[in-house]
Amino acid sequence: MRWPFKPKSGSRGPARAADRPDAEVVRELAEKHLTNPDLDRWLGLLRPAIQLFPHTGAGSSVARLGGLPLLPHDAEWPMWQGHGPLAYIGEIDCEQIGTFPLDIKLPSSGHLLFFYFDGSFDNFAATVGTWDAATLQGARVVHVAGDASLEKRPTPTGLKTYPERQFRGRPILTAPGWEHPDLSTAFRTPGQDHRGFMDHPVNDDAFVEALHERHTGPLHQIGGYADAVQGPVEHEVALSALGNEVPYDDSRLDDEARRWELVLQVDTDEDLNMEWGDAGVLYWMGRVGESEVAEAIDEFSFTWQCG
């Protein structure tokens, strides 16, 4: 078994907060499986993220999945031209997210709302996917300003409404998988074949599985490296951005992939009636403009994967 290894979310039980900070757990696992200089090099690749847990108590939520969106009164419900309205999946609170040590540039205020053409409107006649860039109109991110006047918008007729749940956040660390260019750049030696690279301790089955098994329940996540099901999601959106005309061994693909970062991943979640194929995951990706003065992600893309 090789990275990525992702068990079906239902097999991990309900999501719950761990007793120890994730950084401690990850370092302990790394020290068990790696030695220096590999240990320090691998730890240096880790990126911060927010794992989402159901929130029912007092205090602010960082995200909400399901329910009905709050939109400006003059805003239109997101549509995929020629196909129909997009389902509302959820939103994140940018101000609350700003209290976490993420390394992605999100707006400092307001909310980011996430929509996806989930097949409920047309009985799965059309599918959204990076293999056809035109279909990516079936996934959308909408930024609602913090001072906007909002109203709860009813779901269009024929479209699925998911059960609503509030989420709080927990800081976690994330690592690149074996196919991600960040890992291969750090650990694959020039001229090394695939077998030799896969035999490296950072790709050891026991290490990879231990990293995944520290999480329980559906892994809804903001920022960091995506928990991929079928290989780097960055490559998928990069290939689409390049017109699906660049071969996988072209250096331009890795260069473009490094410009895309995970914004939100929404896992299959039985409690919310969210099922994306066979234990699949939705990924909204963001890219910061190439200008040195760019302050936040200004371009979004989308992909999804399943088992």
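Residues numbered from 1 in each chain as written. Predicted model: local features only at pLDDT ≥ 70, side-chain atom pairs only at ≥ 80, totals over all residues. Heavy atoms only, no water.

1. With respect to the pattern of salt bridges
Point 1. Enumeration over the complete set of coordinates arrives at 16 salt bridges.
Point 2. Note that arginine 20 is salt-bridged to glutamate 28, the shortest N-O span being 3.2 Å.
Point 3. Between glutamate 261 and arginine 47 there is a salt bridge, with its nearest N and O atoms 3.6 Å apart. Taken together, the residues glutamate 261 in strand β12 (residues 260-267) and arginine 47 in strand β1 (residues 47-54) connect sequence positions 214 residues apart. Grouping residues by exposure puts glutamate 261 and arginine 47 together as buried.
Point 4. Residues joined by salt bridges that share partners form a network here, namely Arg20, Glu24 and Glu28. (Salt bridge = Lys/Arg side-chain N within 4 Å of Asp/Glu carboxyl O. Helix = DSSP H or I, 4+ residues; strand = E, 2+ residues; numbered from the N terminus. Buried < 20%, exposed > 50% of the residue type's maximum accessible area, 1.4 Å probe, protein only.)

2. A short note on the packing of helix α1 (residues 22-33) against helix α2 (residues 38-45)
Point 1. Their axes nearest at 10 Å, the elements α1 and α2 cross at an angle of 150°. Between α1 and α2, the angle is such that the two are roughly antiparallel. The two elements α1 and α2 meet at a crossing, and its hand is right-handed. Two secondary-structure elements touch here, α1 through Val26, Arg27, Ala30 and Glu31 and α2 through Leu39, Trp42 and Leu43. (Axes fitted to C-alpha atoms, helices over the stretch in contact; angles between N-to-C directions. Parallel < 35°, antiparallel > 145°, perpendicular 65-115°, else oblique. Left-handed = near helix turned anticlockwise from the far one by under 90°. Contact = heavy atoms within 4.5 Å.)

3. Here we look at the confidence of the model for the protein chain
Point 1. Counting all residues, the mean pLDDT for the protein chain is 91, and 92% of those residues have values of 70 or more.
Point 2. Counting contacts from residues 1-11, a segment whose pLDDT is below 50, to residues more than four positions away or on other chains yields 38 contacts. (pLDDT = per-residue confidence, 0-100.)

4. As for the sheet that holds strand β2 (residues 63-65)
Point 1. Read across the open sheet, the 10 strands follow the order β8-β7-β6-β2-β10-β1-β11-β12-β13-β14; overall the sheet is antiparallel. Bordering the open sheet on either side are β8 (139-144) and β14 (297-305), each of which pairs with just one other strand.
Point 2. Direction of pairing for strand β11 (residues 221-222) relative to β12: antiparallel, over a ladder of 2 bridges. Bridge pairing links glutamine 221 to glutamine 265 in β12.
Point 3. The sheet strands contacting helix α7 (residues 233-241) are β12, β13 (281-288) and β14, and the helix crosses β14 at an angle near 115°. (Pairing = 2+ DSSP bridges.)

5. Overview of the pairing of β1
Point 1. The buried fraction of β1 amounts to 7 of the 8 residues, a majority that puts the element mostly inside the structure.
Point 2. Sheet topology places β1 next to β11; 2 bridges connect them, and they run antiparallel. Its bridge partner lying in β11, glutamine 51 is registered against glutamine 221.

6. What to know about α2
Point 1. Every buried residue of α2 is accounted for by Asp38, Leu39, Trp42, Leu43 and Leu45. Projected down its long axis, α2 carries its buried residues within an arc of 155°, all on one side. (Arc of directions from axis to C-beta.)

7. Quick notes on the packing of aromatic side chains
Point 1. On inspection of all chains with the given rule, the structure shows 9 aromatic pairs.
Point 2. Of the aromatic side chains, those joined through ring pairs into one cluster are Phe114, Tyr116, Tyr162, Trp276, Trp284 and Phe302.
Point 3. Its guanidinium or amino end placed over the ring of tyrosine 225, arginine 47 lies 5.2 Å from that ring's centre, counting from NZ or CZ. (Phe/Tyr/Trp six-rings, centres within 6.5 Å; stacked < 30°, edge-to-face > 60°. Lys NZ or Arg CZ within 6 Å of the ring centre and 35° of its normal.)

8. Here we look at the nonpolar core
Point 1. Counting residues in each nonpolar core, the largest one holds 45 residues, and the members touching the most others are Ile89, Ile92, Val266 and Trp284.
Point 2. Here the element with the most residues in this core is strand β7 (residues 111-116); it accounts for 5 residues.
Point 3. By size, the runner-up hydrophobic cluster in this structure holds 20 residues, among which are Val26, Ala30, Leu45 and Met198. (Core = buried A, V, L, I, M, F, W, Y, C linked by side-chain atoms within 4.5 Å.)

9. Side note on unusual backbone geometry
Point 1. Cis peptide bonds are those with omega within 30 degrees of zero, and the linkage from asparagine 36 to proline 37 qualifies with 10°.
Point 2. Within the secondary structure, proline 37 sits in the loop between α1 and α2.
Point 3. A positive phi is found at asparagine 244, a non-glycine position, where the angle reads about 55°.
Point 4. Mapped onto the elements, asparagine 244 comes out in the loop between α7 and α8 (251-257).
Point 5. Judged by its relative accessible area of 31%, asparagine 244 is partly exposed.
Point 6. One non-glycine residue, alanine 279, adopts positive backbone phi at about 55°.
Point 7. Mapping alanine 279 onto the fold places it in the loop between β12 and β13.

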